[in-house]
Amino acid sequence: MMLLLIGLSHHTAPVEVRERLAVPEHALAEALAALRQLAGADEALILSTCNRVEVAITAADASAAGAVRDFLATYNLAGAAFEAGSLDAYLYELTGRGAIHHIFRVAASLDSMVLGEPQILGQMKAAYAAARSCGALHGLLDDVLTRAFSVAKRIRTETGIGRSAVSVSYAAVELARQIFGDLKGKTVLIAGAGKMSELAARHLHASGCDRILVTNRTRSRAEEMAALFGGQVIDYEQWKPRLAEMDIVIASSGASDYILRRDELRRALDKRRNRPMFVIDIAVPRNVEPAVNELENVFLYDIDDLGRAVQQNLQARQREAADAEHIVEDEIDRLIARWKAREAAPTLVKLQQQLDELARAEMERVRGKLGVLSPQQEEALAAYTRGLLNKIAHGPLTEIRRAAALPDGERTIALIRRLFRLEE
């Protein structure tokens, strides 16, 4: 039985191709049934996300690859099949160790658009659950996938690949932690209701900021955003007089000029008795006067500052990825060694059984010639027979165990089976 993986991803195909192949979660059972029938697959998994569509199967031989390619080209909910061969330029095909290597890397987010992102592992587990529930996983592929989940956990535990922020919104939260330490109980003001300020506010709320105030020129939009966090709305004309209450200000207004200036923040700081304020300006054009940076105890970061922090974190993740790649290779070696040991086990058992049977047969033959034996003589004869056969068996048994860990060990094991006529 061989392992085969065929698919495409953001590395090989544009979104207009990927979206045509996408299989929603509710349709996975039907798609898996069609795939297994078409490809003659023993096991099957379909992983469909916004960045990749991949099919992994176990089959008797490589001839199933053509059927998988046909499945990808023709099976989609929109009914818009690709012309023959037009999809091939976007597809990659992996077998054996290469397929295992790819599955491990995908689970560990080493192949993701954003290195180290955690979402792909959850998506793989959902695809795995769907395949298991309809009986499409029960052997080798099941073994590979469950191991992939363990590999991903080990990588996130032993490396820092997922620790640093690689989105602008989350980078803002990391910087806030550097300034305040614990964010629990901090008050946040969102001035403007753009998507990026919403994301930053989500992260801050999840990090312990439990008082979030929202202001916007259009009050209905402010109310929508405030409802996401159980926040409060401040009339747009009233937020500056209350600026001293705020520990963190997120400015994301569409205004063409500064909505927050140096003198306004200086007055707020006087009321705060110089307790620090963190100001995040993620608007373009900028919402906060750059001269604010001249004030002591005000920490102003604009979109470029956050972008630089993200870039530094991406570089740190790249360094961690090298360690993660070593873990992947180590885990593949362990998995394959386990499989080979499992394959060698029947030979070990059968050889031991055959030798035990020979020992019993020889004992009976010799006992018949020697006549009545005392208990001590019986024991001595049995010990002699066992010892002799154990010495004979030691070499072949050791060689089988050693061969199980070698790339071409199957040939050695097959030779031992022939020498001892285990196939009979």
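Preceding block: the structure.
Residues numbered from 1 in each chain as written. Predicted model: local features only at pLDDT ≥ 70, side-chain atom pairs only at ≥ 80, totals over all residues. Heavy atoms only, no water.

A. Just a nonpolar patch on the surface, in detail. Where nonpolar side chains cluster on the molecular surface, the patch consists of Tyr384, Leu388 and Ile392 and spans about 320 Å² of accessible area. Within the fold, Tyr384 resides in helix α12 (residues 375-404). A residue is classified by how much of its surface remains accessible, and Tyr384, at 57% relative accessible area, is exposed. (Patch = residues over 30% accessible without salt bridge, like charges linked within 9 Å, V, L, I, M, F, W, Y side chains within 5 Å. Areas by Shrake-Rupley, 256 points an atom, 1.4 Å probe, with all protein chains shown as cover. Salt bridge = Lys/Arg side-chain N within 4 Å of Asp/Glu carboxyl O. Helix = DSSP H or I, 4+ residues; strand = E, 2+ residues; numbered from the N terminus. Buried < 20%, exposed > 50% of the residue type's maximum accessible area, 1.4 Å probe, protein only.)

B. Examining the packing of helix α4 (residues 96-107) against helix α5 (residues 119-133) more closely. Closest axis-to-axis distance for the α4/α5 pair is 8 Å, and the angle between their directions is 120 degrees. In terms of axis orientation, α4 runs oblique to α5. Between α4 and α5, the residues in contact are Ile103, Val106 and Ala107 and Ile120, Leu121 and Met124, respectively. (Axes fitted to C-alpha atoms, helices over the stretch in contact; angles between N-to-C directions. Parallel < 35°, antiparallel > 145°, perpendicular 65-115°, else oblique. Contact = heavy atoms within 4.5 Å.)

C. Highlighting unusual backbone geometry. For the peptide bond that leads from Val284 to Pro285, omega is 0 degrees, which places it in the cis range. Mapped onto the secondary structure, Pro285 falls in the loop between β9 (277-281) and β10 (298-302). Notably, Asn274 is not glycine yet its phi reads approximately 65 degrees, a positive angle.

D. Expanded view of the pattern of salt bridges. Following the criterion strictly, the structure yields 30 salt bridges and no others. A salt bridge links Asp333 to Arg97; the nearest nitrogen and oxygen atoms lie 2.8 Å apart. Here Arg97 lies in helix α4 and Asp333 lies in helix α11 (residues 303-370), a separation of 236 residues in the sequence. You can call Arg97 partly exposed: its relative accessible area is 35%. The residue Arg132 makes a salt bridge to Asp142 at a minimum N-O spacing of 2.6 Å. A residue pair is termed long-range when its members are at least 10 positions apart, and Arg132 in helix α5 and Asp142 in helix α6 (residues 140-158) qualify at 10 residues.

E. Broad picture of the sheet that holds strand β5 (residues 187-191). Judged by pairing direction, the sheet is parallel, and its six strands sit side by side in the order β7-β6-β5-β8-β9-β10 without closing on themselves. Of all the strands in the sheet, the pair left with one neighbour each is β7 (232-233) and β10. Here helix α8 (residues 195-206) sits on the sheet and contacts β5, β6 (211-215) and β8 (248-251); the angle it forms with β8, its principal contact strand, is near 160 degrees. (Pairing = 2+ DSSP bridges.)

F. Highlighting the environment of Asp142. On the accessibility criterion, Asp142 (8% relative accessible area) is buried. A C-alpha to C-alpha distance of 17 Å links Asp142 and Ala108, two positions 34 residues apart in sequence.

G. Here's a closer look at the pairing of strand β1 (residues 2-9). In terms of residue burial, β1 counts as a mostly covered element, since seven of its eight residues are buried. Strand direction decides the pairing type here: β1 and strand β3 (residues 52-59), joined by eight bridges, are antiparallel. Of the residues in β3, the one forming a bridge with Ile6 is Val55. In terms of strand pairing, β1 meets strand β4 (residues 92-95) through four bridges, oriented antiparallel. The residue bridging Gly7 from the neighbouring strand is Tyr92, located in β4.

H. Molecular detail of the packing of aromatic side chains. The tally for this structure, following the rule as stated, stands at four aromatic pairs. Seen in terms of ring centroids, Tyr236 and Trp239 are 6.3 Å apart; in terms of plane orientation they differ by 55 degrees. Their pairing is tilted. For Trp239, a relative accessible area of 2% corresponds to the buried category. In this structure, Lys125 is placed above the aromatic ring of Phe149, and the distance from its NZ or CZ to the ring centre is 5.8 Å. (Phe/Tyr/Trp six-rings, centres within 6.5 Å; stacked < 30°, edge-to-face > 60°. Lys NZ or Arg CZ within 6 Å of the ring centre and 35° of its normal.)

I. Main features of the side chain of Asp142. Separated by 2.7 Å, the side chains of Asp142 and Tyr128 make a polar contact. Discounting chain neighbours no more than four positions away, the residues touching Asp142 are Glu43, Tyr128, Arg132 and Leu137. (Polar contact = N/O pair within 3.5 Å; in protein donor to acceptor, adjacent residues only side chain to side chain.)

J. Structural detail: empty space enclosed by the protein. Under the definition given, this model contains two cavities of 30 Å³ or more. Approximately 70 Å³ is the volume attributed to the largest cavity. Lining the largest cavity, in full, are Leu5, Leu45, Leu47, Glu54, Val55, Ala56, His102, Ile103, Val106, Met124 and Leu145. Secondary structure elements with two or more residues in the lining of the largest cavity: β2 (43-48), β3 and α4. The residue makeup of the lining of the largest cavity, split by class, is nine nonpolar, one polar and one charged. (1 Å grid on protein atoms, 1.4 Å probe; cavity = no way out; pocket = protein on both sides within 12 Å on 5 of 7 lines; lining within 4 Å. Points joined across faces, edges and corners; volume = space filled by probe spheres on them. Nonpolar A, V, L, I, M, F, W, Y, C, P; charged D, E, K, R; others polar.)

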